[in-house]
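# Descriptive analysis of the structure
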Amino acid sequence: MSQATNQSWGGRFSEPTDAFVARFTASVTFDQRFARQDIQGSIAHATMLARVGVLTDDERDAIINGLTEIQGEIERGEFNWSVPLEDVHMNIEARLTDKIGITGKKLHTGRSRNDQVATDIRLFMRDEIDVIEVELKRLREGMIELADREADTIMPGFTHLQTAQPVTFGHHLLAWQEMLARDHERLLDCRKRVNVLPLGAAALAGTTYPIDRHVTAELLGFDRPAENSLDAVSDRDFAIEFTSFASILMMHLSRMSEELVLWTSAQFDFIDLPDRFCTGSSIMPQKKNPDVPELVRGKTGRVYGHLMGLLTLMKSQPLAYNKDNQEDKEPLFDAVDTVRDCLKAFADMVPAIEPKKDSMYEAARRGFSTATDLADYLVRKGVAFRDAHEIVGQSVAYGLKSRKDLSEMSLEELQQFSTIIEQDVFDVLTLEGSVAARNHIGGTAPDQVRAAAQRAREALGALEVRA
Ligand code: ARG
C-alpha cells in the first residue's frame, strides 16, 4: 500500500483507501466542469427540504449562502480541488461544511451521489444543448439566406460524382439545410428526455424523508420527476441519444466538408473560401488549404467513437448505479465541445462562401448535363423513352468525339440522330431551360428554390416559438 488517504465513509473501513486507488477512482479532475450545475441542484434540494420541514429556514439559508460563496470561489479560480475528496460533489460539500459547520453536513439528507450526479449531468447537458441549438440555428439561417441569394446560380449536379444534370447552387445548399433540419428535430427530441429529474431516487430505492420531487423538478426547470428510482440513477440513454444526434450531425457536416474541399480545388474551382478560414503551406507558396472543413471532416471520427464508447459502457450493466457510469463524462464533454465548435466554424464560414458562378456554369455545360432534357424533348414529340435514350446516347458519343456539348451542335448535326428534332430543341438544351423546367415542390427551378427557402425560414421560425 502506498500513502493512505482519508475519505468520508471512514466509519465502515479498517484502513484508508490506497493513494493510487484514490486517484484511480477520482473524477474531480473532469467532473468539476459541472460544478455550477452541482450547486444549482443542491440549492434546489435544500429549498425543497426546507419546504417539507426537513431543514429549518435558517439552515436552508446558511446552505444557500455558503453554496453561493463557493460558486464565486470556483468562478474566480480560488477553489482548491482535492483529489482525495474524489469528485465535484464531495469537494463542494466538504467546502460547505468548512464554511458553515454542521449545517453543511445536512445538505446530503435524502440524497445520494447517485441521484445527484445523474441530475448534474442532465442539467449540464440541457445547458449545452441550448448553446448547441443556438449555433445550429445560426448555421441554418445562414445557409437558407445563401441559398436564396444563389437560387439562379447554375452548377452541375452529380451522381457517382459524375456530371448528371444541371441544378442550382441554391438547391444544393437547401439539400444541406434539410439534413440540418432533421438534426435540429433530433436535438430537441433528445432534450425532452434529458429534461427529467432523477433527484429523489437517492442511492437507488428512494428515501424515507417526506420529500416533494415535484417541487425540486419545478425549481430546476425539469418537466417531471423520473418515474422509477432504479431507472433514474442508472439511465444514461440521454447521453447515448445526444451522441447519436452528434454523430449524425457530424456525418452531415463531414459530407458538406468533403464537397467544400473538392469545390475549392483547382480541378473543380466552384467556390472560394475567404482567407480567414484557410491556411497556407510552409513549403509550397501557392497553397491555400481548406483547413476548417478538413478538420470538421476529421473530427467526425472522435464523435462516432464516443457514441460507440457510451453504448459499450452501458451494455450489460445490471441495475442500478454502477461506478462504470463515471466513465460517461469525458466522452460527453468531448462530443459537446466538438459539435459546438464545428457548428460555430460552419455558421461563420457558410455565409462567407463565394461561389465562382462562371466556373460552375462552364462545368455544367461541359458534362452533357442536358442529355436527359433532350430525351424528354423526344418523348414529348412521341418517341418512346427507351428509343429516345438510345438517340441521345448516340448524340453524346458524337459529342465526345467532336468535343461538343449538345447545345453546341448545329440542328443538322443533331438531326443525324433523329429527324424529329427541330429548332425548338435549343430551348431545352440550355442550362437555364433545364433547371427552370423542374418546376415542382422539391425541384431545382429557381422559383422553387426561392419558395423552399421561404418555407425553411418559416419552419425555423416556428421552432423558435415552441422553444
Ligand atoms: N463520481 C461519481 C460518478 O461520476 C459520482 C457518483 C458516485 N457514487 C457512488 N456510489 N460511488 O458517477
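Residues numbered from 1 in each chain as written. Predicted model: local features only at pLDDT ≥ 70, side-chain atom pairs only at ≥ 80, totals over all residues. Heavy atoms only, no water.

### Looking at the packing of helix α6 (residues 113-149) against helix α7 (residues 169-194)
The test is simple: Axis definition: a line fitted to C-alpha atoms, limited for helices to the stretch in contact. Angles are taken between N-to-C directions and run from 0 to 180 degrees. Only DSSP runs of H or I with at least four residues qualify as helices, and only runs of E with at least two residues qualify as strands; both kinds are numbered from the N terminus onward. Roughly parallel refers to an angle under 35 degrees, roughly antiparallel to one over 145, roughly perpendicular to one between 65 and 115, and oblique to any angle outside these ranges. Here a crossing is taken to be left-handed if its near helix is turned anticlockwise relative to the far helix by less than a right angle, and right-handed if that turn runs clockwise. Following the grouping adopted for this structure description, the nonpolar residues are Ala, Val, Leu, Ile, Met, Phe, Trp, Tyr, Cys and Pro, the charged ones are Asp, Glu, Lys and Arg, and the polar ones are all others, Gly among them.
Taken N-terminus to C-terminus, the directions of α6 and α7 make an angle of 165°; their axes are 10 Å apart at the nearest point. By the angle class used here, α6 and α7 are roughly antiparallel. Handedness of the crossing formed by α6 with α7: left-handed. Across the contact of α6 with α7, the residue classes tally to 18 nonpolar, three polar and nine charged.

### Topic: the UniProt feature "domain: Fumarate lyase N-terminal" (unreviewed entry) in the protein chain
Defined as follows: UniProt positions are given in the numbering used here, feature names are shortened, and annotations may be inferred rather than shown by experiment.
Residues given the UniProt feature "domain: Fumarate lyase N-terminal" (unreviewed entry) here are residues 11-305. Across residues 11-305 one finds 61% helix and 7% strand; the C-alpha atoms that close the span lie 41 Å apart.

### With respect to the nonpolar core
Condition: By convention a nonpolar core is built from buried Ala, Val, Leu, Ile, Met, Phe, Trp, Tyr and Cys residues, the set being connected through side-chain atoms within 4.5 Å. For the exposure calls, accessible area comes from a 1.4 Å probe over protein chains only, and a residue counts as buried if that area is under 20% of its type's maximum, exposed if over 50%, partly exposed in between. By definition in these notes, contact holds between two residues if any of their heavy atoms fall within 4.5 Å.
The biggest cluster of nonpolar side chains holds 88 residues, and the ones touching the most others in it are Phe 242 and Leu 253. In this structure Phe 242 touches Met 125, Ile 129, Ile 132, Leu 187, Cys 190, Leu 332, Ala 335 and Val 336, once residues within four positions along its chain are discounted.

### Observations regarding the UniProt feature "domain: Argininosuccinate lyase C-terminal" (unreviewed entry) in the protein chain
In this numbering, the UniProt entry assigns the feature "domain: Argininosuccinate lyase C-terminal" (unreviewed entry) to residues 368-436. Secondary structure content for residues 368-436 is 64% helix and 0% strand, and the end C-alpha separation is 17 Å.

### Here's the deal with the environment of Lys 357
We apply this condition: Within 3.5 Å is the distance limit for a polar contact, defined as a pair of N or O atoms, with the added protein rule that one can donate a hydrogen and the other accept it, and that residues adjacent in sequence qualify only through two side-chain atoms.
On the secondary structure map, Lys 357 appears in helix α13 (residues 357-366). For Lys 357, a relative accessible area of 43% corresponds to the partly exposed category. If sequence neighbours within four positions are ignored, Lys 357 has contacts with Glu 150, Thr 153 and Ile 154. At 3.4 Å, the side chain of Lys 357 and the side chain of Glu 150 are in polar contact.

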